[in-house]
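One-letter residues, chain by chain:
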Amino acid sequence: MTFSTLHYYCLFLTVITISPARSFCLSMMAATTKPPRRIVVVGGGIQGTSVAYHLAERPEVEQVTILEAKSPASAASGKGGGFMARGWGDGSPTQRLHELAFDMYEQLAPALGCTSYRKLPVLSVSAGYKKGIALARKNPQLASILPNWLDGDEYGRISPLGLGDDTAQITPSEFVEKMLQAKSDKITVVLGTCHGVETDQGSERGNRKVFGVKYAPRGETEEKMLAADAVVVSAGPWSCAAEDWFLGAVQLPMEGVKSTSIVWAKPKNEDVDATALFCGEDDRFGTHLEVHPRPDGTIYICGIGGSDYISTDELKAGAFREECNAKDTRAEAAKNSFQQMSSMYRTDGELDRVQACMRPCPPDAIPYMGAIPGYEGAYINAGHNCWGIAWAPACGKAMTELVMDGQSRSIDLTPFDPSRFTPAAQRGGRGRKKKGMSVGEQW
Ligand SMILES: Cc1cc2nc3c(=O)[nH]c(=O)nc-3n(C[C@H](O)[C@H](O)[C@H](O)COP(=O)(O)OP(=O)(O)OC[C@H]3O[C@@H](n4cnc5c(N)ncnc54)[C@H](O)[C@@H]3O)c2cc1C
């Protein structure tokens, strides 16, 4: 049976027959499509790099190119916290991402030689003026995980959120670097900004087939093309530009939440105990700190309030990709709020860094993970909100299965459908063509 005879036969069966025959047809069709060998991943954050890493694990993949506008892990994947929690999915579609990725990190981080990965306990601390520390010290379970630097007196209730078995951390830039090193035989990083894709006019299935990715090399204006059998857009908040790259076949509403964070330098004469804090709203400073002591003795703090909300149109124009300015007033507020809790840092604390980066937020806070409708060899993996580091291994694995096998076995990607905000009639673009002939919208 030729491909097109099979195709029409399958369409016929799809309409008139029962689902087992339909799924047989779909798997026969998937089997006739060759898996891609040269793949371009747009974006060298932790998500794009994880997709590239898992693709590179497949023997049939010859070459993975990461097209990165600035440098790998230069955005949120270099400046985010790196906290992860196996059981914090709360029954939502993202729960499996938490679980699978947590288990994968446990294997991958040591295998790749990451020194910044460790499990650690977590406390919830409410800000206030009461002497909560005295009460916490009377509770043996709490006392055993109270960190030495939580020695101030201005906070209220303290309770455990995790005892260190299902909560962990990694410094995301290290994970990105180690994944790239481990697959340096297959992954190439090209510095340049993606401008779109090159496709044919429509293949046997009526879909346009991707054959290249257009980009301007960093510091140059002349456009070039990377040849590709498939492209995965994984450019964090800026991935919404793919709406235009795929001619409106999919709508990808996105907001960038631009937040300042601070990093305390390693104290000269003190160890820094490994317990993370999630703090309640501190009205005095407008903060709700997340405090993450790292194995290198630094303390990373975010949740410092005063974030800016960047629109889809601004993101499409590349807002804050090259430079992402921190807010000194918010850094000062975070510093003061933390020093109320830590006399150790009030006396001796020195800030190492003040920085800012952007969280990629679709309107429903659920990532876009799937195929671009109306295209063959086109995928998106973006919008992972405040868990893009924690979920990265699971997303890389699931996207690789989708690209290479036609379906993800590890994660049910249905809730992450990138077309969910696109009206049905517009999915895949209007008036698409099959062999140069218009085939209307039903394709
Ligand atoms: C303050 C803060 C703290 C956080 N803490 C945590 C945490 O503790 N745990 C957790 O799991 N998550 C955390 N997050 C969220 C996490 O950082 C993000 O979800 C994650 O880093 C997103 O990764 P990404 O690879 O999708 O995007 P990014 O890291 O934004 O990377 C996208 C990359 O794409 C590149 N790019 C963009 N456009 C183009 C283009 N046209 N061509 C080529 N390249 C392009 C950019 O230069 C960038 O390097 C935090 C976020 C923030 C803001």
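Below you will find a few notes about this structure. (Residues numbered from 1 in each chain as written. Predicted model: local features only at pLDDT ≥ 70, side-chain atom pairs only at ≥ 80, totals over all residues. Heavy atoms only, no water.)

Concerning helix α13 (residues 392-405)
Phase 1 of the analysis: Compared with an ideal rise of 1.5 Å per residue, which puts 14 residues at 20 Å, α13 spans 19 Å between its outermost C-alpha atoms and is within 8% of the ideal.
Phase 2 of the analysis: Listed as buried for α13 are Ala392, Pro393, Ala394, Cys395, Gly396, Ala398, Met399, Thr400, Glu401, Leu402, Val403 and Met404.
Phase 3 of the analysis: One or two residues past the end of α13 sits Gly406, with phi positive at roughly 85 degrees. (Helix = DSSP H or I, 4+ residues; strand = E, 2+ residues; numbered from the N terminus. Expected span 1.5 Å × (residues − 1). Buried < 20%, exposed > 50% of the residue type's maximum accessible area, 1.4 Å probe, protein only.)

Overview of helix α8 (residues 172-182)
Side chains of residues three or four places apart in an α-helix project in the same direction, reflecting 3.6 residues per turn.
Phase 1 of the analysis: The complete set of buried residues in α8 reads Pro172, Glu174, Phe175, Val176, Lys178, Met179 and Leu180.
Phase 2 of the analysis: Looking at the packing, one finds that the buried side of α8 touches α3 (46-56), β2 (63-68), α4 (76-79), α5 (95-112), β8 (187-199) and α13. (Contact = heavy atoms within 4.5 Å.)

Considering the site of the ligand
Phase 1 of the analysis: Around the ligand, the surrounding shell holds 39 residues, and the nearest of these are Glu68, Ser77, Cys194, Asn385 and Ala390.
Phase 2 of the analysis: Here a nitrogen atom of the ligand sits 2.9 Å away from a polar atom, N or O, in the main chain of Cys386.
Phase 3 of the analysis: Starting from 1000 Å² of accessible surface for the ligand in isolation, the protein chains cover 97%.
Phase 4 of the analysis: Among the secondary structure elements, those contributing two or more residues to the shell around the ligand are α3, β2, α4, β8, β15 (299-302) and β17 (351-361).
Phase 5 of the analysis: Counting residues per element, the shell around the ligand draws most heavily on β17, at 4 residues.
Phase 6 of the analysis: For the shell around the ligand, a count of residues per class yields 21 nonpolar, 15 polar and 3 charged.
Phase 7 of the analysis: Residue-level mapping places the shell around the ligand at the junction of two domains, with at least three residues from each of domain 2 (36-75 + 173-251 + 366-438) and domain 3 (121-163 + 255-361). (Near = heavy atom within 4 Å. Polar contact = N/O pair within 3.5 Å; in protein donor to acceptor, adjacent residues only side chain to side chain. Areas by Shrake-Rupley, 256 points an atom, 1.4 Å probe, with all protein chains shown as cover. Nonpolar A, V, L, I, M, F, W, Y, C, P; charged D, E, K, R; others polar. Domains from an automatic or database assignment.)

Observations regarding the packing of α5 against α8
Phase 1 of the analysis: For the pair α5 and α8, the least separation of the axes is 10 Å and the interaxial angle reads 70 degrees. One element, α5, and the other, α8, form an angle in the roughly perpendicular class. Once α5 is placed against α8, the crossing between them reads as left-handed. Residues Tyr105, Leu108 and Leu112 of α5 form the contact with α8, whose participating residues are Phe175, Lys178, Met179 and Ala182.
Phase 2 of the analysis: Broken down by class, the residue content of the contact of α5 with α8 amounts to 6 nonpolar, no polar and 1 charged. (Axes fitted to C-alpha atoms, helices over the stretch in contact; angles between N-to-C directions. Parallel < 35°, antiparallel > 145°, perpendicular 65-115°, else oblique. Left-handed = near helix turned anticlockwise from the far one by under 90°.)

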